[in-house]
Amino acid sequence: MPDQQSNPAEMPPRQASEAERLWLGVLTELESALTLGVNSAEDAAGDAYAGSGMWHAPSQLPALPDSLRERANALHERQLERERELRSERTQVGRHLEALRVVPRPRSAAASVYLDVSG
């Protein structure tokens, strides 16, 4: 007997609609998290989503219904693009940190320090 959950097109209508309902919730949650993460970074309030932890798929999630495949693929592409952006930002931050490491350490307060403000 074939597993009816392996192919949503072969699922009975009630089971297919339940799979679609579950996947709609998952996709909406992931899209919201992605949007919140992007907007938080753009608003310089990156801590808004940082504390919520890793996302975990619901247990026993049925196969993705064909009706939601295009939306899931679009979300996946947006996630990959955000991953590329974050990797680029991480590289840039690393370069900034490396530049800071070459700045000389502060001297004792007893030594005079002069700053050339004219150029």
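Predicted, not measured: the structure shown is a model, and the values here were computed from it. The residue numbers shown here count from 1 along each chain, following its written sequence. Owing to the predicted nature of the model, reporting of local features is limited to residues with pLDDT of at least 70; listing and counting of side-chain atom pairs is limited to 80 or more, with chain, interface and lining totals taken over all residues. Only hydrogens and water are set aside; all other atoms, that is, all heavy atoms of the structure, feed into the side-chain values.

Asker: When you look at the overall build of the protein in this model, what are you seeing that I'm missing?
Answerer: A run of DSSP states H or I qualifies as a helix once it reaches four residues; a run of E qualifies as a strand once it reaches two. Both are numbered from the N-terminal end. A tally of helices and strands in the protein yields three helices and zero strands. Going residue by residue from the N terminus, the α and β elements of the protein occur as α-α-α. Burial status follows relative accessibility: with a 1.4 Å probe on protein chains alone, a residue under 20% of its type maximum counts as buried, one over 50% as exposed, and anything between as partly exposed. In the protein, buried positions account for 15% of the 119 residues. Computed with a 1.4 Å probe, the accessible areas rest on the Shrake-Rupley method; for each residue, only the protein chains presented here act as cover. Element-wise, carbon and sulfur atoms account for 55% of the exposed surface of the protein, whose accessible area totals about 9,800 Å².

Asker: Mind showing me how you'd approach a nonpolar patch on the surface here?
Answerer: Surface patches are drawn from residues lacking salt bridges whose relative accessible area is over 30%; two like charges belong together within 9 Å, two nonpolar side chains (Val, Leu, Ile, Met, Phe, Trp, Tyr) within 5 Å. Salt bridges, as used here, are contacts in which a Lys or Arg side-chain nitrogen is within 4 Å of a carboxyl oxygen on Asp or Glu. Residues Val93, Leu97, Leu100, Val102 and Val103 make up a contiguous nonpolar surface patch of roughly 480 Å² in combined accessible area. Here Val93 shows up in helix H3 (residues 69-101). Judged by relative accessible area, which is 47%, Val93 ranks as partly exposed.

Asker: Just to check I follow, could you spell out unusual backbone geometry for this structure?
Answerer: Where the residue is not glycine, phi is negative for most of them; where a peptide bond is considered, it is trans in most cases. Residue Gln60 is not a glycine yet carries a positive backbone phi of 60°. With respect to the helices and strands, the residue Gln60 is situated in the loop between helix H2 (47-50) and H3. You can call Gln60 exposed: its relative accessible area is 77%.

Asker: Would you take a moment to explain the side chain of Glu31 for this structure?
Answerer: Mapped onto the secondary structure, Glu31 falls in helix H1 (residues 13-42). With relative accessibility at 19%, the residue Glu31 sits in the buried group. When checking whether two residues touch, look at their non-hydrogen atoms; a contact exists if any pair is within 4.5 Å. The contact partners of Glu31, leaving out residues within four places of it in the chain, are Arg71, Leu75 and Arg78.

Asker: Would you mind showing me how to read the pattern of salt bridges here?
Answerer: Opposite charge on two side chains allows them to pair when their charged atoms are near. Inspection of the entire model under this criterion finds eight salt bridges. Between Glu18 and Arg21 there is a salt bridge; the shortest N-O distance is 2.6 Å. Of this pair, Glu18 and Arg21 are both found in helix H1, three residues apart, which corresponds to roughly one turn of the helix. Using a relative accessible area of 35% as the deciding quantity, one classes Glu18 as partly exposed. The partly exposed category is assigned to Arg21, whose relative accessible area is 48%. In this structure, Glu81 engages Arg84 in a salt bridge whose closest nitrogen and oxygen atoms are separated by 3.0 Å.

Asker: Please clarify how the nonpolar core should be interpreted in this entry.
Answerer: One recurring pattern in soluble globular proteins: nonpolar side chains tend to sit buried together. Judged by nonpolar contacts, Trp23, Val26, Leu27, Leu30, Leu34, Leu64, Leu68, Ala72 and Leu75 together constitute the single largest core of nine residues. Residue assignment for this core shows that the elements contributing at least two residues are H1 and H3. Looking at this core, the element that brings in the most residues is H1, giving five residues. In this structure Val26 touches Trp55, Pro58 and Leu61, once residues within four positions along its chain are discounted. As used here, the term nonpolar core means buried Ala, Val, Leu, Ile, Met, Phe, Trp, Tyr and Cys residues forming a set that is joined through side-chain atoms within 4.5 Å.

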